[in-house]
There are 2 protein chains.
Amino acid sequence: MTENDSRPVYFLSDSTGITAETLGNTLLTQFPDGNFHRTTIPFITNVEQAQSVVAAIDAMAARGLEPLVFSTVVGPDIRLVLGTCKAMVVDLIGTYVDELERTLGKVASGKPGQAHGLGNAERYKSRMTAVEYAMEHDDGQSLRALEKAQVILVAPSRCGKTPTTMYLALQHGIFAANFPLVEEDFTREGLPAPLRPFAEKCFGLTSNPSRLSQIRTERRRGSAYASLQQCGFELRSAELLYRTHGIPYLNSASVSVEEMAATILQRMRLRQ
Amino acid sequence: MTENDSRPVYFLSDSTGITAETLGNTLLTQFPDGNFHRTTIPFITNVEQAQSVVAAIDAMAARGLEPLVFSTVVGPDIRLVLGTCKAMVVDLIGTYVDELERTLGKVASGKPGQAHGLGNAERYKSRMTAVEYAMEHDDGQSLRALEKAQVILVAPSRCGKTPTTMYLALQHGIFAANFPLVEEDFTREGLPAPLRPFAEKCFGLTSNPSRLSQIRTERRRGSAYASLQQCGFELRSAELLYRTHGIPYLNSASVSVEEMAATILQRMRLRQ
């Protein structure tokens, strides 16, 4: 395959580029067979930078397929320059701001991307505090302050507790702890003691035995821990525990952390 | 302020709602004086759910200001229903997909939101591995496998190393370690020994003395650690260390983790 077979895609921003990437990638998932070569150019904050970006895009356009450009740049003068490039330009601000101004009866501020800046300082601080909390309470390390948790993820080892906890903290500012279920937890009656006062905050994760065995094998090849039999036993026991104690749960085998987080927020009613 | 003063905003999705929130919130930051009441409704996957969402939006519309709706729902039948609500509807797919189909010469798949699903399994797995790596290498806990790091964040305590590391891992799949600079590091010659083989992977964070003192005070009020004098000394020493060893650095005092991550990716040339 030559370079010319892939279509250049640019995500342009006057800030981090997160919105441009999110917007563009969401639209591109509608074209799963497409062969795209992605470039993010953040922090385009003046006309001179915009001109050199246009030159780079036009050079690419001359060599092959028409590029796609997803831009969230706000400044009218920079947008004007970017709009001249030889590409299909999706200009988020240009598309929607006029209509929003009419509906809201207000004029847009025209200030460069604030969406992923400090923005609401209180909300930002609560996200950072939540990350700290998640680090301290990962994998049952600290059982202090479990009463501060908004949700406690419970699962056997390697079902996705840690990244989901981190995502809930970092993206949503949720105080999330997690607690590993180990073999002894399945032989005793009831919930593990540290969880008992907090049953209503627990959310369980499970997986498929073969998927879990595969993940554990990457960590400890050939171990009993990674065996299909052990994985099956732990998952069946965990699901029984969840059902017995009315703990909602989710199979993590074929969903992303983003999807798990969205489901947990919804089922635990943690959306603000 | 009565409830009627705030304008209802809905983020609607057939998947996690992340793109709808990102898109909508980016547009709303252009109206910083607006008083918005935000509701995310993810996983709208059939017409019946769409009808009940429309009923909820219309009930809100009847009580006050015209709602704003940001939707990334893909299915045409669901979009048709959502389009009937008494609100200003920003329909991401409806707005752009026709033009993309023409440019790409392909028909959109019409499959519900895949943008935050498992998608590219390789890429997803590398993000999860990166989170694991970041957890193991947080705060200099483990100096094993520093050679695997794509970037090592270096800074005095409480300058934002940990959340930035997590963000780089979780969002960008970057193998990021971090290493705390402590007083002894400033009295010795050269870089701290564990970093010496990896100077070109280091990225420094700094802050403002007053900001750092404020953050440290929240953790240990009245301590020497939190004093303005100590914070000033550590920050000056850290910056001198960065400059002496050609380590790029960034002041974290008034930027978000998203902005730090975007800057680090750009300056360390870590974008794919």
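Cut-offs and rules
- Residues numbered from 1 in each chain as written.
- Chains lettered and ligands numbered in written order.
- Predicted model: local features only at pLDDT ≥ 70, side-chain atom pairs only at ≥ 80, totals over all residues.
- Heavy atoms only, no water.
- UniProt positions renumbered as here; feature names shortened; annotations may be inferred.
- Least-squares fit on C-alpha atoms with pLDDT ≥ 70 in both.
- Contact = heavy atoms within 4.5 Å.
- Pairing = 2+ DSSP bridges.
- Helix = DSSP H or I, 4+ residues; strand = E, 2+ residues; numbered from the N terminus.
- Axes fitted to C-alpha atoms, helices over the stretch in contact; angles between N-to-C directions.
- Domains from an automatic or database assignment.
- Core = buried A, V, L, I, M, F, W, Y, C linked by side-chain atoms within 4.5 Å.
- Buried < 20%, exposed > 50% of the residue type's maximum accessible area, 1.4 Å probe, protein only.
- Parallel < 35°, antiparallel > 145°, perpendicular 65-115°, else oblique.
- Left-handed = near helix turned anticlockwise from the far one by under 90°.

- In the nomenclature of an unreviewed UniProt entry, chain A is known as Putative phosphoenolpyruvate synthase regulatory protein of Paeniglutamicibacter antarcticus.
- In its Sequence similarities (unreviewed entry) section, the UniProt record describing chain A reads: "Belongs to the pyruvate, phosphate/water dikinase regulatory protein family. PSRP subfamily."

Concerning the relation of the copies chain B and chain A
Next, step 1: When chain B is fitted to chain A, the residual RMSD is 0.0 Å, and the transformation amounts to a turn of 180° plus an axial shift of 0.0 Å. This pairing of chains is accounted for by a two-fold axis. Of every C-alpha in chain B, the one belonging to Leu23 of chain B sits nearest the axis of rotation, 3.4 Å from it.
Next, step 2: Interface overlap between copies: 100% of the residues of chain B at the interface are likewise at the interface in chain A, consistent with a symmetric, same-surface contact.

A few points about the sheet that holds strand S2 (residues 36-41) of chain A
Residue and element names in this part refer to chain A.
Next, step 1: If you trace the four strands from one edge of the open sheet to the other, you get S2-S1-S3-S4, paired in parallel fashion. Because the sheet does not close on itself, it has two edges, and the strands there are S2 and strand S4 (88-91). Put simply, the sheet's adjacent strands are angled 15° from each other on average, direction ignored.
Next, step 2: Direction of pairing for strand S3 (residues 68-71) relative to S4: parallel, over a ladder of four bridges. Residue pairing for S4: Val69 is matched across the bridge by Val89.
Next, step 3: Running over the sheet, helix H2 (residues 47-63) touches strand S1 (7-12), S2 and S3 and is turned about 165° from S1.
Next, step 4: Helix H4 (residues 92-104) rests against S3 and S4 of the sheet, and its axis sits at about 40° to S4.

What about the domain arrangement of chain A?
Next, step 1: Each assigned domain of chain A is listed here: domain 1 (3-104) and domain 2 (121-267).
Next, step 2: Relative to domain 2 of chain A, the C-alpha centre of domain 1 of chain A lies at a distance of 39 Å.

Observations regarding the nonpolar core
Next, step 1: Core analysis: the biggest nonpolar cluster contains 98 residues, and Val151 and Ile152 of chain A together with Val151 and Ile152 of chain B have the highest contact counts within it.
Next, step 2: Contacts of Val151 of chain B, omitting those with residues within four sequence positions, involve Leu168, Ile174, Phe175, Ala176, Ala177, Lys201, Phe203, Ile264, Met268 and Leu270 of chain B.
Next, step 3: Core analysis: the second largest hydrophobic core is formed by 40 residues, Val9 and Phe36 of chain A together with Val9 and Val90 of chain B among them.

Regarding the packing of H4 of chain A against helix H4 (residues 92-104) of chain B
Next, step 1: At a closest axis distance of 12 Å, the pairing of H4 of chain A and H4 of chain B adopts a crossing angle of 135°. Relative to H4 of chain B, the element H4 of chain A is oriented oblique. By crossing handedness, the relation of H4 of chain A to H4 of chain B is classed as right-handed. For the pair H4 of chain A and H4 of chain B, contact is made by Leu92, Thr95 and Tyr96 of chain A and by Leu92, Thr95 and Tyr96 of chain B, respectively.

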